[in-house]
Amino acid sequence: MYAQLDSIQHLNEVLVIDTKLEDYSEGFELIQLSDTLIARNSVSLTEVLNFNSTLYFKENGYGMVSSPSFRGTNASQTAVIWNGIPINSNLNGQTDFNTISPSSFNTIIIRSGGGSTQYGSGAVGGSIHLNNTIDFQNKQSSELKLSYGSFSTIGGVFKSRFSSDKKYIDLGIDFISSENDYEYIDLNRKNENGNFDKLNIAANAGLNFGKSTLYWNSNYFLGNRNFSGTISSASKDRYKDITTRNLLTWNKASNKWNNTIKGAHTFERYRYYPQPENNLYFEGQSTTYLGDYQLEYNVNKDLKISSIINYTYIKSKGSNIGVNDRNTLATILLWKHHINEKLSYGINLRQEFLTNFENPFLASFDVKYAINKWYSLKANASKNYRVPTFNDLYWNSGGNENLNPETSYQAEIANEFIWNQFRLNITGFYISSKDLIQWQPGVDGMFTPLNISKTENIGIELSGNYSKSFKEHQLNLVFNYAYTSAKDLEKNKQLIYVPYHKATGAFNYNYKKLSAYYQLLFNGEVYTTTDNYGILDGYSVSNLGLEYLIQEKSFPIKIGIKLNNIFNTYYENVAYRPMPNRNIQTFINFKF
Amino acid sequence: MNVLKSTAYLLFFTFLVTSCTQDDDDIIVPLGDYEYGFLITNEGPFQNGSGTVSFVSDDYSTMDHQIFNQVNSSDLGNVVQSMGFNDDHAYIVVNNSNKIEVVNRYTFETIATITEGLDNPRYFASSGSNGYVTNWGDPFDNTDDFVAVIDLSTNTVSSIIPVAFGPEKLIMANNDLYVAHQGGYGQNNILSVIDVSANMLESTIEVGDVPNSMVVSNNDIWVLCGGNPSFTGTETNGRLVKVETSDNTVVQAFDFLTTKHPASLSIDGSTLIYNLDGEVFSKEATSSSLPTSSIITGSFYAMATNDGKLYATDAGDFASNGTLRIFDLSTNSEIITIETGIIPGGVYFNN
């Protein structure tokens, strides 16, 4: 039970397929979100991260397109990494966080800071790692969760795993459907045309041959959403998207050498129906083939060197982008050295070839210093990049084939303090970006993307965690706060939709079979126009939840109820797009 | 607030005047706060927000933003496309919100909101007791475009006139209504001529690709065609066309180079003014060729002329307040730059 309470962990050791993540990111902040925490905001990855991290989300109404801003960077500068593979769309460079089913993953890890040397394009503000773990223990378990709530929201999650010391297989099915017709508080109107349904199927398997192992990860997502309108104009458009991901990993390890070969195929397709009644749509699709070979050499127990060669082929086509492809060859060198028990550092280098852009050379350096028992220091500096998307390059009309990657330099210092049950992190970061791609009107009035904008982001992040237990009572308190100044250097104005202040808080309480929790989200005011005249008010939203374990042994059953937006606050996350009023969600969970 | 204030002033003023000069009959009572000046329609942020209307007094001493909201305490809606007039009424066409706000053009007090019978409304013109509004319908369907006829006494759509795709600007000339088919998201090349006595399509006139602006001079219509842009794969030249309204024929046409795509035609007396490649050109209506040198440098989102002055807007980055620059056309020098709302798309004169 205690483990359940410790809902946000700063990562120590987890078994993940993406070994680079913990081995070569010691000087970076990694935060892992636990199963319990994910389950409490299981509707979307937006909700999980919104309530549990300093990432800011711009959501076009509840459940609609959701784009993140990590440390004030733009939506395509947050990389989403699925089992080590980057999955941001090749078409628009982003991941829509409302199309990721958080329940499909064992761990979700937030890695702050630049990660382009390891993860490639887009890992500028930070990266979100969605991992499926495969382990060879004798275990067999299944879980079924059914949920029902306001706005005719029905959901179901089924998960099952069978494993032995030789084999592993799991299957997860995740479904949610909602009318999403919440009331606009005091406006006497409802959220029209906002209904959605989403289906995600994930399957993972592993074979253990002793000295070598073979893994397979797969994920299939099907989304069908109507896009809700704004206060000032109704809408009727619809959006359907499909993504499929498959990854095969073969690993052979000896004392000194560790070989990993990966092959992956990912596919994405969207269809946008501006007037669904006539069934006409705009389409975009993209297929990625990825091959990756990693050779790791343990020089001794303190020094580890890894070289990676990665080849990616992307082919995209669509109503507005024609048919185009891209080859990228990347070579990566990773170096991790533990000088002594207290001090370690890492060096990561990346050089790309073949692309039609200026091929960037990227580097990152990180250091971790455990000064004493209660204070440790992490610092890192890196050069990162984001390549132009297929939309930027080929959009008809306006696309610009002469674009180059965006470049960012960043540095951060993180302090971690631990006193008994209290942990506090204080991090300062700096990001300087240039050649940012921005669509601008030309003399003929046509918008064209250009590498012109420059930004400077400076910020401070605070996060803390306090746990206490006495007798059968357990308490846990978590908070996050970020101050982010993100300036467009030409205009010397704060970037639109980047709040100066964002905070989250959670209070968890456990007593025997009962647990209760309170979640708080605060987003400060944001600017909606680039001259900072347009302002969208800040808001805070609170949720309250109660869970009860009816039966613990043999056939555990858990029931829960969650009250969202308990104070029935009217708020807009994007101007003119109201978010849900007070609502209730319930669930029942069986384990067998 | 402004209305209250002005009404209070008005009462106070009237009281003073009536008590002091009781037999003076020549008092000019202003028709409203916005009588002596011009109005700017600002489209507003493209997706999430509301357009606005700004007012600037003739001497530029008063500038009021968001006057509709100030007077009526509500937003206009999404994408304020354009404005048209009839007597002392202004008809504000709000595209995405599919409505027309009818206000008093001098006080900006709301009179009616037309929501029924419109689908992607674009521009408004009036003749007699009827208003006419171009509508794209479904922008991806080229067969459902129409001109809505509005009964101005009831402010309702009384009938629709189906037209070819992409109707945009419309203008009254010689008792007929001329509709330019710019072509919506695509390209078209005709004018529709509508008989306003019968509210029926009379004929169409082929003018040139992408007719984007029109002005009336005597009984002629000058039509500026932008030509098909290069991304269409079938780029065509811009063209300036003169249509004689007596027999609805093209009597003069001036071709630009294939890669030249002019826009924003307006007229000052007998001088035609348009924008091309970041420069403003002027052409005497009677001259036999296109001008080769420009009068003003600048790429403008919208242009209008009035009383010897050019009003040219710049939408900037389309995500913040734009600007309006006013030029004296006798010297081609700038008089003033005024900040507007977001994406200033039209300038209209109240006197």
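Residues numbered from 1 in each chain as written. Chains lettered and ligands numbered in written order. Predicted model: local features only at pLDDT ≥ 70, side-chain atom pairs only at ≥ 80, totals over all residues.

Draft legend 1. How the structure looks around the overall build of chain A. A tally of regular secondary structure across chain A gives six helices and 37 strands. Scaling as 2.2 N^0.38, a compact globule of 592 residues should have a C-alpha radius of gyration of about 25 Å, and chain A matches this with 23 Å. Each principal axis of the C-alpha atoms in chain A carries an extent, and together these give about 65 × 60 × 45 Å. Looking at chain A residue by residue over its 592 residues, the buried ones come to 47%. Of the contacts formed within chain A by residues at least 6 apart in sequence, a portion of 61% connects residues at least 24 apart. (Helix = DSSP H or I, 4+ residues; strand = E, 2+ residues; numbered from the N terminus. Rg over C-alpha atoms; globule rule 2.2 N^0.38 Å. Buried ≥ 20, exposed ≤ 12 C-beta atoms within 10 Å, placed from the backbone. Contact = placed C-beta atoms within 7 Å.)

Draft legend 2. Examining the overall build of chain B more closely. What chain B contains, in helices and strands, is two helices and 28 strands. A compact globule built from 351 residues would reach a C-alpha radius of gyration of about 20 Å, and chain B, at 21 Å, matches this within 12%. A principal-axis box enclosing the C-alpha atoms of chain B has dimensions of 70 × 45 × 40 Å. Residue burial in chain B is summarised as follows: out of 351 residues, 46% are buried. In chain B, of all internal contacts separated by at least 6 residues, the share reaching a separation of at least 24 is 42%.

Draft legend 3. Fine view of the sheet that holds strand S20 (residues 263-268) of chain B. Residue and element names in this part refer to chain B. An order of S20-S21-S22-S23 is seen for the four strands of this open sheet, with the pairing classed as antiparallel. Edge positions in the open sheet fall to S20 and strand S23 (296-297), since each of these has one partner strand only. Pairing analysis gives four bridges linking S20 to strand S21 (residues 271-276), with the strands arranged antiparallel. Residue pairing in the sheet places aspartate 268 in a bridge with threonine 271 of S21. (Pairing = 2+ DSSP bridges.)

Draft legend 4. Seen up close, unusual backbone geometry. Note the cis peptide between Asn396(A) and Ser397(A), where omega equals 15°. Here Ser397(A) is to be found in the loop between helix H6 (390-394) and strand S24 (406-419). Notably, Gln66(B) is not glycine yet its phi reads approximately 50°, a positive angle. Mapped onto the elements of the fold, Gln66(B) is located in the loop between strand S3 (63-64) and helix H2 (67-72). The backbone of Asp277(B) sits at a positive phi, close to 50°, despite the residue not being glycine.

Draft legend 5. Quick peek at helix H4 (residues 45-52) of chain A. Most of H4(A) sits out of view: seven of its eight residues are buried. Every buried residue of H4(A) is listed here: Leu45(A), Thr46(A), Glu47(A), Val48(A), Leu49(A), Asn50(A) and Asn52(A).

Draft legend 6. Local environment of the pairing of strand S16 (residues 211-217) of chain B. Residue and element names in this part refer to chain B. Counted residue by residue, S16 has five buried out of seven residues, so it is predominantly covered. As paired strands, S16 and strand S17 (residues 220-225) are joined by six bridges and run antiparallel to one another. Pairing of valine 215 across the sheet is with tryptophan 222, part of S17. Hairpin connection from S16 to S17: two residues lie between these consecutive antiparallel strands, with asparagine 218 at a positive phi of about 55°.

Draft legend 7. Molecular detail of the sheet that holds strand S5 (residues 89-94) of chain B. Residues and elements named next belong to chain B. Spatial ordering of the open sheet is given by S4-S5-S6-S7, a layout of four strands whose pairing is antiparallel. Edge positions in the sheet fall to strand S4 (80-86) and strand S7 (110-114), since each of these pairs with one other strand and no more. Pairs of neighbouring strands in the sheet enclose a mean axial angle of 20°, with direction left out of account. Examined bridge by bridge, S5 and strand S6 (residues 99-104) share six bridges and lie antiparallel to one another. (Axes fitted to C-alpha atoms, helices over the stretch in contact; angles between N-to-C directions.)

Draft legend 8. Structural view of the confidence of the model for chain A. All names here are of chain A. Per-chain confidence: chain A averages 92 in pLDDT, with 96% of residues scoring 70 or above. Of the regions scoring below 50 in pLDDT, residues 1-7 engages in 19 contacts with residues more than four places distant in sequence or in other chains. Counting contacts from residues 11-16, a segment whose pLDDT is below 50, to residues more than four positions away or on other chains yields 15 contacts. (pLDDT = per-residue confidence, 0-100.)

Draft legend 9. Representation of the nonpolar core in the model. Core analysis: the largest hydrophobic core is formed by 82 residues, its most contacted members being Ile92(B), Ile100(B), Val133(B), Val147(B) and Val223(B). Contacts of Ile92(B), omitting those with residues within four sequence positions, involve Val53(B), Leu76(B), Val80(B), Met83(B), Ile100(B), Glu101(B) and Val103(B). By size, the runner-up hydrophobic cluster in this structure holds 45 residues, among which are Leu21(A), Ile31(A), Phe105(A) and Ala486(A). (Core = buried A, V, L, I, M, F, W, Y, C linked by C-beta atoms within 7 Å.)

Draft legend 10. Fine view of the environment of Ser333(B). Its location among the elements puts Ser333(B) in strand S27 (residues 333-342). Through-space distance from the C-alpha of Ser333(B) to that of Lys309(B) is 9.9 Å; in sequence the pair is 24 residues apart.

Draft legend 11. The arrangement of the environment of Trp419(A) in detail. All names here are of chain A. In this structure, tryptophan 419 sits in strand S24. Judged by the 11 C-beta atoms lying within 10 Å of it, tryptophan 419 falls in the exposed class. For the pair tryptophan 419 and tyrosine 375, spaced 44 residues apart in sequence, the C-alpha to C-alpha distance is 9.0 Å.

Draft legend 12. Structural view of the environment of Glu268(A). Residues and elements named next belong to chain A. You can see glutamate 268 is positioned in strand S17 (residues 257-273). Judged by local crowding, glutamate 268 falls into the buried class, with 23 C-beta atoms found within 10 Å. Along the backbone, glutamate 268 and threonine 288 are 20 residues apart, and their C-alpha atoms lie at a distance of 8.9 Å. Setting aside its immediate chain neighbours within four residues, glutamate 268 contacts Ser89, Thr243, Gln285 and Ser286.

Draft legend 13. Molecular detail of the pairing of strand S2 (residues 30-33) of chain A. Residue and element names in this part refer to chain A. Going residue by residue along S2, you find Leu30 and Gln32 tucked away on one face and Ile31 and Leu33 tucked away on the opposite face as well. When S2 meets strand S7 (residues 107-112), the two strands line up antiparallel, connected through four bridges. What sits directly across from glutamine 32, in S7, is isoleucine 109.

Draft legend 14. Quick peek at the confidence of the model for chain B. Residues and elements named next belong to chain B. Confidence along chain B averages 91 in pLDDT terms, with 92% of residues attaining 70 or more. Contacts of residues 1-23 to residues separated by more than four positions or lying in other chains number nine contacts, the stretch itself having pLDDT below 50. Predicted complex, confidence summary: ipTM 0.84, pTM 0.89.

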